[in-house]
Amino acid sequence: MKIAVDPNIPFVDLPLRSVAGASLTHDLTPEGVRDADAVITRTRTRCDASLLDGAKCTFVGTATIGTDHIDIPYCESRGIEVANAPGCNAPAVAQWVLEVAKRTGGFEGRTLGVIGAGNVGSVLIRWARGLGMKVMVNDPFLEVSAPGRYEYCSLADIAREADIISVHTPLTNAGDHPTYHLLGDGFVDMLGRRPVLLNAARGPVADTKALLRGLREGRISDVAIDCWEGEPEIDRELLDKALYATPHIAGYSREGKVRATQMVLDAFSRHFGLSGLKADAPEPRPVPETVSEADIVYDIEADTRRLKASPETFEAQRNHYDLRPEPGQI
(Lines give C-alpha, C1' and ligand atoms only; values in the text may rest on other atoms or scores of the structure.)
Protein backbone atom coordinates (compact mmCIF):
# COMPACT_ATOMS: atom_id res chain seq x y z
CA MET A 1 0.00 0.00 0.00
CA LYS A 2 1.20 3.50 -0.85
CA ILE A 3 -0.18 6.50 1.04
CA ALA A 4 0.28 10.16 0.00
CA VAL A 5 0.25 12.36 3.10
CA ASP A 6 0.51 16.11 3.62
CA PRO A 7 3.79 16.61 5.53
CA ASN A 8 2.17 19.19 7.82
CA ILE A 9 -0.35 16.78 9.36
CA PRO A 10 1.02 15.88 12.80
CA PHE A 11 0.84 12.57 14.65
CA VAL A 12 0.00 10.56 11.53
CA ASP A 13 3.18 9.21 9.92
CA LEU A 14 4.10 6.68 12.62
CA PRO A 15 0.71 4.88 12.72
CA LEU A 16 0.54 4.79 8.91
CA ARG A 17 4.06 3.35 8.69
CA SER A 18 2.93 0.60 11.07
CA VAL A 19 0.59 -0.79 8.40
CA ALA A 20 2.18 -3.90 6.95
CA GLY A 21 3.77 -3.17 3.59
CA ALA A 22 2.84 0.51 3.62
CA SER A 23 5.04 3.23 2.15
CA LEU A 24 4.49 6.96 2.54
CA THR A 25 5.09 9.86 0.19
CA HIS A 26 4.74 13.57 0.89
CA ASP A 27 4.55 14.36 -2.82
CA LEU A 28 0.99 15.61 -3.38
CA THR A 29 1.35 16.20 -7.11
CA PRO A 30 -0.44 14.18 -9.82
CA GLU A 31 2.78 12.22 -10.33
CA GLY A 32 3.22 11.66 -6.62
CA VAL A 33 -0.29 10.30 -6.04
CA ARG A 34 -0.66 8.33 -9.27
CA ASP A 35 0.10 4.96 -7.66
CA ALA A 36 -1.16 5.88 -4.17
CA ASP A 37 -4.03 3.89 -2.63
CA ALA A 38 -4.96 6.78 -0.35
CA VAL A 39 -4.44 10.55 -0.08
CA ILE A 40 -4.50 12.25 3.32
CA THR A 41 -4.38 16.00 3.17
CA ARG A 42 -5.46 19.42 4.46
CA THR A 43 -7.22 22.38 2.84
CA ARG A 44 -4.26 23.46 0.71
CA THR A 45 -4.43 20.49 -1.67
CA ARG A 46 -7.22 20.61 -4.25
CA CYS A 47 -8.46 17.04 -4.63
CA ASP A 48 -10.16 16.91 -8.02
CA ALA A 49 -9.64 15.53 -11.52
CA SER A 50 -6.43 17.50 -11.97
CA LEU A 51 -4.87 15.58 -9.07
CA LEU A 52 -6.63 12.23 -9.18
CA ASP A 53 -7.34 11.40 -12.83
CA GLY A 54 -5.47 8.22 -13.64
CA ALA A 55 -4.65 7.53 -9.97
CA LYS A 56 -5.52 4.25 -8.25
CA CYS A 57 -6.65 6.10 -5.10
CA THR A 58 -9.84 4.84 -3.40
CA PHE A 59 -9.71 7.01 -0.25
CA VAL A 60 -9.25 10.74 0.34
CA GLY A 61 -9.10 11.89 3.95
CA THR A 62 -8.75 15.51 5.03
CA ALA A 63 -7.63 16.35 8.56
CA THR A 64 -9.92 19.38 8.50
CA ILE A 65 -13.55 20.26 9.09
CA GLY A 66 -14.09 21.75 5.64
CA THR A 67 -14.29 19.84 2.38
CA ASP A 68 -14.58 22.71 -0.11
CA HIS A 69 -11.11 21.77 -1.43
CA ILE A 70 -12.41 18.34 -2.47
CA ASP A 71 -14.50 17.76 -5.57
CA ILE A 72 -16.91 15.38 -3.86
CA PRO A 73 -19.11 14.63 -6.92
CA TYR A 74 -15.97 13.73 -8.88
CA CYS A 75 -14.75 11.46 -6.09
CA GLU A 76 -18.16 9.79 -5.85
CA SER A 77 -18.15 9.18 -9.61
CA ARG A 78 -14.77 7.45 -9.25
CA GLY A 79 -15.79 5.38 -6.21
CA ILE A 80 -13.37 7.30 -3.98
CA GLU A 81 -14.45 7.52 -0.35
CA VAL A 82 -14.06 10.99 1.19
CA ALA A 83 -13.62 11.47 4.95
CA ASN A 84 -13.15 14.65 6.96
CA ALA A 85 -12.87 15.57 10.64
CA PRO A 86 -16.03 17.46 11.66
CA GLY A 87 -15.77 19.21 15.00
CA CYS A 88 -12.11 18.37 15.54
CA ASN A 89 -11.08 21.98 16.25
CA ALA A 90 -14.35 23.35 17.64
CA PRO A 91 -12.98 24.12 21.15
CA ALA A 92 -9.91 25.86 19.72
CA VAL A 93 -11.98 28.11 17.44
CA ALA A 94 -14.32 28.90 20.35
CA GLN A 95 -11.22 29.80 22.38
CA TRP A 96 -10.06 32.16 19.60
CA VAL A 97 -13.46 33.91 19.47
CA LEU A 98 -13.74 34.25 23.23
CA GLU A 99 -10.21 35.63 23.48
CA VAL A 100 -11.26 38.39 21.07
CA ALA A 101 -14.42 39.00 23.12
CA LYS A 102 -12.41 39.11 26.33
CA ARG A 103 -10.01 41.70 24.92
CA THR A 104 -12.68 43.91 23.34
CA GLY A 105 -14.98 44.50 26.30
CA GLY A 106 -15.31 41.26 28.19
CA PHE A 107 -18.22 38.85 28.51
CA GLU A 108 -20.78 39.94 31.08
CA GLY A 109 -23.69 41.85 29.62
CA ARG A 110 -22.52 41.73 26.00
CA THR A 111 -24.48 40.24 23.11
CA LEU A 112 -22.74 37.72 20.86
CA GLY A 113 -24.21 36.89 17.47
CA VAL A 114 -23.27 33.40 16.25
CA ILE A 115 -23.94 32.65 12.60
CA GLY A 116 -23.78 28.88 12.14
CA ALA A 117 -24.47 26.60 15.10
CA GLY A 118 -22.80 23.39 14.00
CA ASN A 119 -19.86 21.77 15.79
CA VAL A 120 -17.92 25.01 16.33
CA GLY A 121 -20.92 27.24 16.91
CA SER A 122 -22.50 24.92 19.47
CA VAL A 123 -19.37 24.87 21.66
CA LEU A 124 -19.04 28.64 21.36
CA ILE A 125 -22.69 29.19 22.28
CA ARG A 126 -22.45 26.98 25.35
CA TRP A 127 -19.23 28.51 26.61
CA ALA A 128 -20.29 32.10 25.90
CA ARG A 129 -23.57 31.70 27.78
CA GLY A 130 -21.70 30.22 30.72
CA LEU A 131 -19.50 33.33 30.75
CA GLY A 132 -22.52 35.63 31.02
CA MET A 133 -23.00 36.64 27.41
CA LYS A 134 -26.39 36.90 25.72
CA VAL A 135 -26.14 34.78 22.58
CA MET A 136 -28.17 35.24 19.40
CA VAL A 137 -28.12 32.28 17.00
CA ASN A 138 -28.68 32.16 13.25
CA ASP A 139 -28.71 28.82 11.46
CA PRO A 140 -31.44 28.32 8.84
CA PHE A 141 -30.65 24.61 8.46
CA LEU A 142 -30.94 23.84 12.18
CA GLU A 143 -34.03 26.03 12.38
CA VAL A 144 -35.67 23.40 10.16
CA SER A 145 -33.99 20.22 11.41
CA ALA A 146 -33.76 21.11 15.13
CA PRO A 147 -36.39 23.82 15.71
CA GLY A 148 -36.28 23.68 19.50
CA ARG A 149 -32.52 23.61 20.01
CA TYR A 150 -32.06 27.39 20.08
CA GLU A 151 -34.17 30.51 19.86
CA TYR A 152 -33.17 31.36 16.31
CA CYS A 153 -32.72 34.90 15.03
CA SER A 154 -32.56 36.44 11.58
CA LEU A 155 -29.34 37.87 10.23
CA ALA A 156 -31.02 41.28 10.41
CA ASP A 157 -31.70 40.79 14.14
CA ILE A 158 -28.09 39.86 14.79
CA ALA A 159 -26.80 42.76 12.70
CA ARG A 160 -29.01 45.17 14.59
CA GLU A 161 -28.52 43.95 18.18
CA ALA A 162 -25.17 42.15 18.60
CA ASP A 163 -22.03 43.72 20.07
CA ILE A 164 -19.79 41.06 18.59
CA ILE A 165 -20.59 38.82 15.60
CA SER A 166 -18.79 35.61 14.70
CA VAL A 167 -19.45 33.43 11.65
CA HIS A 168 -19.04 29.63 11.70
CA THR A 169 -20.50 28.33 8.45
CA PRO A 170 -19.04 26.24 5.65
CA LEU A 171 -18.34 27.98 2.34
CA THR A 172 -21.13 27.36 -0.16
CA ASN A 173 -22.03 29.03 -3.43
CA ALA A 174 -25.39 27.42 -4.16
CA GLY A 175 -28.55 26.21 -2.46
CA ASP A 176 -31.16 28.10 -0.45
CA HIS A 177 -28.63 29.67 1.91
CA PRO A 178 -25.26 30.23 0.16
CA THR A 179 -22.56 31.60 2.43
CA TYR A 180 -20.23 33.17 -0.13
CA HIS A 181 -19.94 36.86 0.92
CA LEU A 182 -22.57 36.31 3.60
CA LEU A 183 -20.92 39.17 5.47
CA GLY A 184 -21.21 41.53 2.52
CA ASP A 185 -22.55 44.98 1.75
CA GLY A 186 -26.13 44.10 2.63
CA PHE A 187 -25.13 42.76 6.03
CA VAL A 188 -22.84 45.70 6.77
CA ASP A 189 -25.65 48.14 5.94
CA MET A 190 -27.86 46.50 8.59
CA LEU A 191 -25.35 46.84 11.45
CA GLY A 192 -26.77 48.76 14.35
CA ARG A 193 -24.28 48.79 17.25
CA ARG A 194 -20.89 49.17 15.60
CA PRO A 195 -20.03 45.55 16.45
CA VAL A 196 -16.75 43.69 16.31
CA LEU A 197 -16.90 41.29 13.34
CA LEU A 198 -14.98 37.99 13.37
CA ASN A 199 -14.26 35.49 10.60
CA ALA A 200 -12.77 32.15 11.62
CA ALA A 201 -14.82 30.10 9.13
CA ARG A 202 -13.73 30.43 5.50
CA GLY A 203 -12.22 33.54 3.93
CA PRO A 204 -14.83 34.21 1.21
CA VAL A 205 -17.70 34.06 3.73
CA ALA A 206 -16.77 37.71 4.40
CA ASP A 207 -16.45 40.24 1.58
CA THR A 208 -13.15 42.07 2.09
CA LYS A 209 -14.34 45.22 0.33
CA ALA A 210 -17.52 45.32 2.42
CA LEU A 211 -15.56 44.96 5.66
CA LEU A 212 -13.22 47.78 4.67
CA ARG A 213 -16.16 50.01 3.79
CA GLY A 214 -17.81 49.17 7.10
CA LEU A 215 -14.66 50.16 8.96
CA ARG A 216 -14.27 53.40 6.99
CA GLU A 217 -17.89 54.40 7.56
CA GLY A 218 -17.83 53.50 11.26
CA ARG A 219 -20.46 50.78 10.91
CA ILE A 220 -17.92 48.23 12.23
CA SER A 221 -15.84 49.09 15.28
CA ASP A 222 -13.17 46.42 14.71
CA VAL A 223 -12.55 43.20 12.83
CA ALA A 224 -10.69 40.05 13.85
CA ILE A 225 -9.76 37.86 10.90
CA ASP A 226 -8.32 34.37 10.86
CA CYS A 227 -9.66 33.22 7.48
CA TRP A 228 -8.96 35.53 4.54
CA GLU A 229 -10.08 35.87 0.97
CA GLY A 230 -7.28 34.87 -1.38
CA GLU A 231 -5.02 33.47 1.30
CA PRO A 232 -2.09 33.15 1.52
CA GLU A 233 -2.04 36.37 -0.58
CA ILE A 234 -4.13 38.40 1.84
CA ASP A 235 -5.43 41.96 1.52
CA ARG A 236 -2.85 44.25 3.11
CA GLU A 237 -5.30 47.08 3.87
CA LEU A 238 -7.58 44.73 5.80
CA LEU A 239 -4.54 43.27 7.56
CA ASP A 240 -3.45 46.77 8.58
CA LYS A 241 -6.90 47.73 9.87
CA ALA A 242 -7.71 44.45 11.64
CA LEU A 243 -7.52 44.60 15.42
CA TYR A 244 -6.54 40.94 15.48
CA ALA A 245 -5.14 39.11 12.47
CA THR A 246 -4.00 35.49 12.44
CA PRO A 247 -2.88 33.12 9.63
CA HIS A 248 -5.81 30.65 9.57
CA ILE A 249 -4.80 29.07 12.87
CA ALA A 250 -7.89 29.67 15.03
CA GLY A 251 -8.38 25.91 15.21
CA TYR A 252 -4.72 25.07 15.70
CA SER A 253 -4.69 23.57 19.17
CA ARG A 254 -2.68 20.46 19.95
CA GLU A 255 -5.85 18.66 20.98
CA GLY A 256 -7.66 19.68 17.80
CA LYS A 257 -4.84 18.30 15.68
CA VAL A 258 -4.89 15.02 17.60
CA ARG A 259 -8.66 14.72 17.10
CA ALA A 260 -8.38 15.48 13.36
CA THR A 261 -5.64 12.92 12.82
CA GLN A 262 -7.51 10.28 14.81
CA MET A 263 -10.76 10.84 12.90
CA VAL A 264 -8.98 10.42 9.57
CA LEU A 265 -7.14 7.33 10.84
CA ASP A 266 -10.46 5.84 11.99
CA ALA A 267 -12.00 6.35 8.55
CA PHE A 268 -8.84 5.05 6.83
CA SER A 269 -8.87 1.93 9.02
CA ARG A 270 -12.54 1.22 8.26
CA HIS A 271 -12.03 1.73 4.53
CA PHE A 272 -9.12 -0.67 4.26
CA GLY A 273 -10.34 -3.16 6.87
CA LEU A 274 -7.48 -2.51 9.28
CA SER A 275 -7.40 -2.74 13.05
CA GLY A 276 -7.77 0.67 14.63
CA LEU A 277 -4.74 2.92 14.16
CA LYS A 278 -3.95 5.43 16.92
CA ALA A 279 -2.56 8.93 16.49
CA ASP A 280 0.98 9.34 17.76
CA ALA A 281 -0.05 11.54 20.71
CA PRO A 282 -2.00 11.27 23.97
CA GLU A 283 -5.79 11.32 23.63
CA PRO A 284 -7.30 14.71 24.61
CA ARG A 285 -9.52 15.05 27.66
CA PRO A 286 -13.25 15.48 27.07
CA VAL A 287 -14.31 18.97 25.97
CA PRO A 288 -15.57 20.82 29.10
CA GLU A 289 -19.21 21.79 29.29
CA THR A 290 -18.33 25.26 30.56
CA VAL A 291 -15.22 27.40 30.93
CA SER A 292 -14.26 30.27 33.20
CA GLU A 293 -12.70 33.57 32.18
CA ALA A 294 -9.41 32.28 33.65
CA ASP A 295 -9.56 29.35 31.19
CA ILE A 296 -9.48 31.70 28.19
CA VAL A 297 -5.73 32.17 27.88
CA TYR A 298 -4.25 32.67 24.42
CA ASP A 299 -1.75 35.32 23.29
CA ILE A 300 -3.60 36.41 20.15
CA GLU A 301 -1.65 39.67 20.15
CA ALA A 302 1.62 37.80 19.56
CA ASP A 303 0.14 35.97 16.58
CA THR A 304 -1.22 39.28 15.26
CA ARG A 305 2.13 41.04 15.57
CA ARG A 306 3.85 38.20 13.76
CA LEU A 307 1.44 38.23 10.81
CA LYS A 308 1.39 42.02 10.48
CA ALA A 309 5.18 42.14 10.54
CA SER A 310 5.57 39.47 7.86
CA PRO A 311 2.39 38.79 5.86
CA GLU A 312 4.41 37.28 3.01
CA THR A 313 5.21 34.34 5.32
CA PHE A 314 1.51 33.58 5.95
CA GLU A 315 1.81 29.97 4.82
CA ALA A 316 5.02 29.31 6.72
CA GLN A 317 3.50 30.77 9.91
CA ARG A 318 0.50 28.50 9.46
CA ASN A 319 2.51 25.37 8.70
CA HIS A 320 4.93 25.85 11.59
CA TYR A 321 2.53 27.14 14.22
CA ASP A 322 3.31 26.35 17.85
CA LEU A 323 0.15 24.42 18.75
CA ARG A 324 -1.54 25.89 21.81
CA PRO A 325 -3.55 24.04 24.49
CA GLU A 326 -7.34 24.33 24.60
CA PRO A 327 -9.32 25.44 27.65
CA GLY A 328 -9.65 22.58 30.10
CA GLN A 329 -6.66 20.68 28.67
CA ILE A 330 -3.77 22.20 30.63
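What counts and what doesn't
- Residues numbered from 1 in each chain as written.
- Predicted model: local features only at pLDDT ≥ 70, side-chain atom pairs only at ≥ 80, totals over all residues.
- Heavy atoms only, no water.
- Helix = DSSP H or I, 4+ residues; strand = E, 2+ residues; numbered from the N terminus.
- Rg over C-alpha atoms; globule rule 2.2 N^0.38 Å.
- Buried < 20%, exposed > 50% of the residue type's maximum accessible area, 1.4 Å probe, protein only.
- Contact = heavy atoms within 4.5 Å.
- Areas by Shrake-Rupley, 256 points an atom, 1.4 Å probe, with all protein chains shown as cover.
- Lys, Arg positive; Asp, Glu negative; His and termini not counted.
- Charge placed at Lys NZ, Arg CZ, Asp CG, Glu CD.
- Pairing = 2+ DSSP bridges.
- Axes fitted to C-alpha atoms, helices over the stretch in contact; angles between N-to-C directions.
- 1 Å grid on protein atoms, 1.4 Å probe; cavity = no way out; pocket = protein on both sides within 12 Å on 5 of 7 lines; lining within 4 Å.
- Points joined across faces, edges and corners; volume = space filled by probe spheres on them.
- Nonpolar A, V, L, I, M, F, W, Y, C, P; charged D, E, K, R; others polar.

*Asks:* Describe the overall build of the protein, with residues and values.
*Replies:* Scanning the protein from terminus to terminus reveals 14 helices and eleven strands. Radius of gyration (C-alpha) of the protein: 20 Å, near the 20 Å computed for a compact globule of 330 residues. The principal-axis extent of the C-alpha atoms belonging to the protein is close to 60 × 45 × 40 Å. Taken over 330 residues, the protein has a buried fraction of 55%. Long-range contacts, defined as pairs at least 24 residues apart, comprise 64% of the intrachain contacts of the protein with a sequence gap of at least 6. A total of about 13900 Å² of accessible surface is found on the protein, and carbon and sulfur atoms cover 50% of it. Looking at charge distribution, the protein has the averaged site of its 36 positive side-chain charges lying 2 Å from that of its 47 negative ones.

*Asks:* Outline the sheet that holds strand E8 (residues 164-167), listing residues and values.
*Replies:* Taken together, the six strands give an open sheet; going across it, the order is E7-E6-E8-E9-E10-E11, and neighbouring strands pair in parallel fashion. If you trace the sheet from one side to the other, it starts and ends with strand E7 (134-138) and strand E11 (244-245), each paired once. As paired elements, strand E10 (residues 222-225) and E11 share two bridges and run parallel to each other. Considered in E11, the bridge of Ala-224 is made with Tyr-244. Contacting E8, strand E9 (196-199), E10 and E11, helix H5 (residues 90-103) crosses the sheet at an angle of about 160° to E9.

*Asks:* Can you lay out the sheet that holds strand E5 (residues 81-83) for me, pointing to particular residues and giving the numbers?
*Replies:* On the basis of which strands lie adjacent, the open sheet formed by five strands has the order E2-E1-E3-E4-E5 and parallel pairing. The sheet terminates laterally at strand E2 (23-25) and E5, the two strands that pair on one side only. Mean inter-strand twist for the sheet, computed between neighbouring axes without regard to direction, equals 20°. Here strand E1 (residues 2-5) runs beside strand E3 (residues 38-41); their pairing, made up of three bridges, is parallel. Looking at the pairing, Ala-4 lines up with Val-39 of E3.

*Asks:* Break down empty space enclosed by the protein for me, with residues and values.
*Replies:* Within the structure shown, the criterion is met by one cavity of 30 Å³ or more. The volume enclosed by the largest cavity comes to roughly 60 Å³. Surrounding the largest cavity, Asn-199, Gly-203, Ala-206, Thr-208, Leu-211, Ile-225, Cys-227, Trp-228, Glu-229, Asp-235 and Leu-238 form its lining. Looking at the lining of the largest cavity residue by residue, the class counts come to six nonpolar, three polar and two charged.

*Asks:* Residues and numbers for unusual backbone geometry, please.
*Replies:* Cis geometry marks the peptide bond from Glu-231 to Pro-232, where omega comes out at 10°. Here Pro-232 is to be found in the loop between E10 and helix H11 (236-241). A positive phi angle is found at Arg-194, which is not glycine, with a value near 45°. Position of Arg-194 relative to the elements: it lies in the loop between helix H9 (185-190) and E9.

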